[in-house]
Structures are given as structure tokens and as C-alpha cells.
Amino acid sequence: MKPTDLTLDEQLRITAHEIIRRKKIFHLSDEDVQNLLEVKPIILTELDDIVTDFYTTLVEVEGVAQVIGDAESLYRLKNHLQGYLRSLFEGPYDMEYVQTRLRIGLVHKRIGVPPKLYIAAYKILSKILRKKLREHNKDNSCDICSSRSGSLENLMLFDLVLVFDTYIQGLVNEVNRSKEDLETYARELEDTIASRTKELAEQASKDGLTGLYNQRTFYEYLGTELSRSQRRADTFTLCYFDLDNFKKANDTHGHKFGDQVLTNVASAVKQILRDEDIGARYGGDEFCMILPNASAEEAQTVCKRLINVFSKIDPDCIVTMSIGLAEFIPDSGLDTDSLIKRADNAMYSSKNQSGHYITVYSDENTKTEKEYFYPTI
């Protein structure tokens with residue numbers, strides 16, 4: 001529920017019962033109400049002088065003139081004070097009266113009057129009013145004067161606490177708003193940090209040119225996949241390939257052309273890989289792919305698709321792929337280095353031939369598993 005949906009007394013939970021309770025706390029009795037009604041004519045007669053004396057004294061208090069600001073504001077404040085004084089001696093000090101006092105506190109809080117200045121103003125006004133009551137004590141009775149002054153003090157204390165209720169509520173609202181702003185800022189900062197951390201992690205794990213994983217990250221994924229396959233008794237295949245004629249193309253057409261070739265290879269890799277597959281630039285013109293839950297035969301099909309996609313991207317490119325495949329079988333005793341070495345050996349076997357070649361590593365003779373592949377264009 002928004003603050004604008006509630007009145008000030010509802011926001012502060014001030015009920016008729018609460019008003020009665022507060023009157024008892026400050027000893028604001030029916031007798032006090034009667035005393036205040038009796039002195040109302042005195043106050044109204046002296047109203048202009050009271051207001052003048054009050055602001056003449058108040059503006060000398062350090063900081064008050066700066067808060068008031070200008071002559072026009074001072075004029076408006078004098079009019080408001082006259083209205084306040086009239087209501088101060090009218091009774092019956094019910095919910096409507098409480099509402100006006102709460103609103104006074106709210107206004108003073110909004111215009112930036114600090115509590116210390118409000119209390120200073122309260123003290124000045126109280127002193128002036130008591131002086132006026134003494135001056136008009138025709139019976140020269142100390143008892144009457146004391147009784148009226150006591151009633152006035154009880155009412156002004158009653159008012160002062162109401163005003164400070166709104167001050168405190170205003171401060172609580174500010175704290176809550178600041179807390180909400182801080183929480184929002186903290187959430188946004190966390191999201192920004194998380195997003196930036198993710199970006200930095202991706203940048204650190206990816207090759208800047210191709211967007212494939214770099215060698216360091218490739219080794220991390222390969223170790224993870226080897227452990228997973230060993231634990232679950234699954235087979236996976238490592239694909240290691242090198243680009244033929246890349247140096248020739250690079251020297252002939254320039255490094256920009258060479259970079260485009262590498263980018264085209266990466267694009268082809270990304271198009272043929274599944275979500276669980278890993279594509280990486282091992283270094284220079286060497287690339288790797290980790291194909292989980294894939295046999296060497298299934299990996300050959302994937303590599304044929306890779307060659308086909310790459311050839312379609314740039315049909316006239318003289319660069320071809322020499323591909324080596326090494327299948328990991330659980331309980332084979334292979335580690336990451338030995339598996340890479342097998343795929344590398346198979347790749348070099350392919351490299352002995354021209355065109356796109358795919359070779360599956362074999363302990364007996366890698367060349368027996370070599371396959372020449374004519375790409376579809």
C-alpha cells in the first residue's frame with residue numbers, strides 16, 4: 001500500500017484511543033481545555049504582537065534565517081503562525097486537531113527544518129505566550145497564572161510530540177527508501193559483476209579470433225570428459241586436425257586472408273557440433289574437437305560434415321583438412337596426453353596425402369584406417 005492511500009494518522013496508527021492515552025500522559029485534562037478557552041480572547045488581542053515578537057527573536061537563532069530564505073517566505077510563515085495560535089486555544093483537541101499538528105510536522109520536515117531549530121522555536125513561542133498570560137492576569141493571582149501556564153505547557157508538549165512523530169516517520173521512510181535503493185543498487189551491481197565475470201571467463205577461455213575454446217580450456221574439458229567417460233564406461237572420440245596449404249595461402253594472400261580462413265573453419269566447426277561437443281583452436285592452424293558418446297565411426301561422419309560445410313563456405317579455397325581421430329575406450333589406460341598423441345599421429349598420417357583426409361588411429365597401422373574424402377560442393 002502506498003503512503004498516498006493513507007492519512008497521516010493512519011500511517012502513524014494514531015487512533016481516538018491513542019489520543020486519549022496521550023492526553024493522559026501529558027495531563028491534558030478537561031480543566032486544561034477550559035483554561036485555554038478562557039485565555040483565547042487575550043491571545044487573539046495580542047496576536048500580531050506575539051507573531052512579531054516570535055519571529056524577531058527566532059531569526060536571530062543561528063541557521064533560522066537561512067532556512068526561511070526570503071521576506072516572502074517569512075510573510076507566509078507569519079500568517080501560518082497566526083492560524084496555529086488561533087487553533088491552539090480553540091479545543092477540543094480531537095482527531096481533526098491531531099491531523100493538523102501532524103501535517104505541521106510533515107511540512108517542517110519537507111522544508112528542511114532540523115529538530116533542534118523546531119525545539120528552539122517551541123521554547124521561544126512558549127516563553128512569549130506565558131509572558132502575555134502574566135501581563136493580562138488582572139486578578140494578580142499566582143494560582144490562576146500558574147494553572148493557565150501549566151495548561152498551555154501540557155498542550156504544547158502534546159503538540160510537540162505529534163510533530164516529532166511525523167519527523168521520525170519521515171526519517172524512517174527515508175531510511176527505508178535508502179535501504180530499497182541500496183538493495184536495488186546491490187542487486188544491479190551483483191548482476192553486472194556476474195555478467196562481467198562471465199564475459200571475462202569466456203574471454204579467458206576462448207580464442208580471440210575464432211571464438212572457439214583455447215588450448216588451456218580444451219585441456220580442461222578433455223580431462224573432464226576422460227574422467228566422466230571412465231566413470232560411466234562411455235566411449236568418446238578426440239578429433240585433431242591441421243590445415244594443409246595454410247602457410248602458402250597466408251603468404252600468397254596475406255595475413256588477413258589467413259585469418260578469414262581460420263574464421264571460416266571455426267564457423268564450420270560451430271555449425272556441425274552438438275551442444276555437448278567441444279570445439280577448440282589448439283594453436284596456429286591446428287584445431288580439436290571432443291565428441292562425447294561418439295565412436296570413431298560416428299566421429300568420421302561428423303568430420304565429413306565438417307569438410308562439406310567448410311567447402312561450401314569457400315569453394316575456391318586451396319586449404320584442406322588433415323584429420324586424425326583417436327577413440328577413448330574406458331579402462332584402456334589412456335590419459336589426456338597419450339590420447340592427444342594418438343590423434344596427432346593419425347592426423348600426420350592423413351597429412352601424407354593431398355586433399356581432405358580422415359584417419360582413425362590404429363595400434364597396428366594407422367594408414368589402414370585412412371580415408372580420402374571428396375567434399376560435396
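Quantities reported herein were computed from a predicted structural model and do not represent experimental measurements. Residue numbers here run from 1 along each chain, matching the order of that chain's written sequence. Note on the predicted model: pLDDT of at least 70 is required for a residue's local features to be given, and 80 or more for side-chain atom pairs to be given and counted; whole-chain, interface and lining totals, by contrast, use all residues. Side-chain calculation: all heavy atoms of the structure are included, whereas hydrogens and water are not.

Asks: For this particular structure, what's the right way to read the layout of surface pockets?
Replies: Summary: where empty space remains is shown by rolling a probe the size of a single water molecule over the atoms. Both site types are read off a 1 Å grid over the protein atoms alone. A 1.4 Å probe that fits but cannot get out defines a cavity, while an open set with protein on both sides within 12 Å along at least five of seven lines defines a pocket; lining residues have an atom within 4 Å of a point. Grid points are joined across faces, edges and corners, and a volume is the space filled by probe spheres set on the points. Put simply, the largest pocket is a space of about 820 Å³. Surrounding the largest pocket, 26 residues form its lining, Tyr55, Leu77, Ile104, His108 and Tyr118 being those nearest its centre. For the lining of the largest pocket, the secondary-structure elements that each account for two or more residues are helix 4 (47–58), helix 5 (64–68), helix 6 (71–88), helix 7 (95–110), helix 8 (115–135) and helix 9 (142–205). Helix numbering and strand numbering both begin at the N terminus, where a helix is a DSSP run of H or I of at least 4 residues and a strand a DSSP run of E of at least 2. No other element matches helix 6, which puts six residues into the lining of the largest pocket. Residue type decides the class: Asp, Glu, Lys and Arg count as charged, Ala, Val, Leu, Ile, Met, Phe, Trp, Tyr, Cys and Pro as nonpolar, and the leftover types, Gly among them, as polar. Tallied by class, residues from the lining of the largest pocket come to 20 nonpolar, three polar and three charged.

Asks: It is not clear to me how a nonpolar patch on the surface should be interpreted in this structure. Could you clarify?
Replies: On the surface, a cluster of nonpolar side chains totalling about 410 Å² of accessible area is made up of Leu182, Tyr185, Leu189 and Ile193. Counting through the fold element by element, tyrosine 185 comes out in helix 9. Each patch groups residues whose relative accessible area exceeds 30% and which form no salt bridge, using 9 Å between like charges and 5 Å between nonpolar side chains of Val, Leu, Ile, Met, Phe, Trp and Tyr. The Shrake-Rupley method, run with a 1.4 Å probe sphere, supplies the accessible areas, and residue values consider only the shown protein chains as cover. Salt bridges are counted wherever a side-chain nitrogen of Lys or Arg sits within 4 Å of a carboxyl oxygen of Asp or Glu.

Asks: Explain the nonpolar core here, please?
Replies: Within soluble globular proteins, side chains that are nonpolar generally end up buried alongside one another. Buried Ala, Val, Leu, Ile, Met, Phe, Trp, Tyr and Cys residues form a nonpolar core when they are joined through side-chain atoms within 4.5 Å. Here the term buried applies to any residue with accessible area under 20% of the maximum for its type, exposed to any over 50%, and partly exposed to those in between, with areas from a 1.4 Å probe on protein chains only. With 47 residues, the main nonpolar core has Phe54, Leu85, Leu88, Leu125, Leu129 and Phe158 as its most contacted residues. Those elements that place two or more of their residues in this core are helix 3 (30–45), helix 4, helix 5, helix 6, helix 7, helix 8 and helix 9. Any two residues whose heavy atoms approach within 4.5 Å are treated as being in contact. In this structure phenylalanine 54 touches Leu81, Ala121, Ile124, Leu125 and Ile128, once residues within four positions along its chain are discounted. Among the nonpolar cores identified, the runner-up in size contains 33 residues, and Ala249, Ala268, Phe310 and Leu325 belong to it.

Asks: I tried to follow the environment of threonine 263 on my own but got confused; where do I start?
Replies: Topologically, threonine 263 is positioned in helix 12 (residues 255–272). Separated by 61 residues in sequence, threonine 263 and glutamate 202 place their C-alpha atoms 18 Å apart.

Asks: For this particular structure, what's the right way to read the pattern of salt bridges?
Replies: Two side chains that carry opposite charge are able to pair once their charged atoms sit near each other. Going through the model one piece at a time under the given rule, you end up with 18 salt bridges. Note that lysine 247 is salt-bridged to aspartate 251, the shortest N-O span being 2.9 Å. A residue pair is termed a helical-turn pair when its members lie 3 or 4 positions apart in one helix, as lysine 247 and aspartate 251 do in helix 11 (residues 246–253) at four residues. Summarising the burial analysis for this pair, lysine 247 and aspartate 251 share the class exposed. In the salt-bridge network here, residues are joined through shared partners; they are Glu18, Arg21, Arg22 and Asp165.

These figures capture arrangement, not role.
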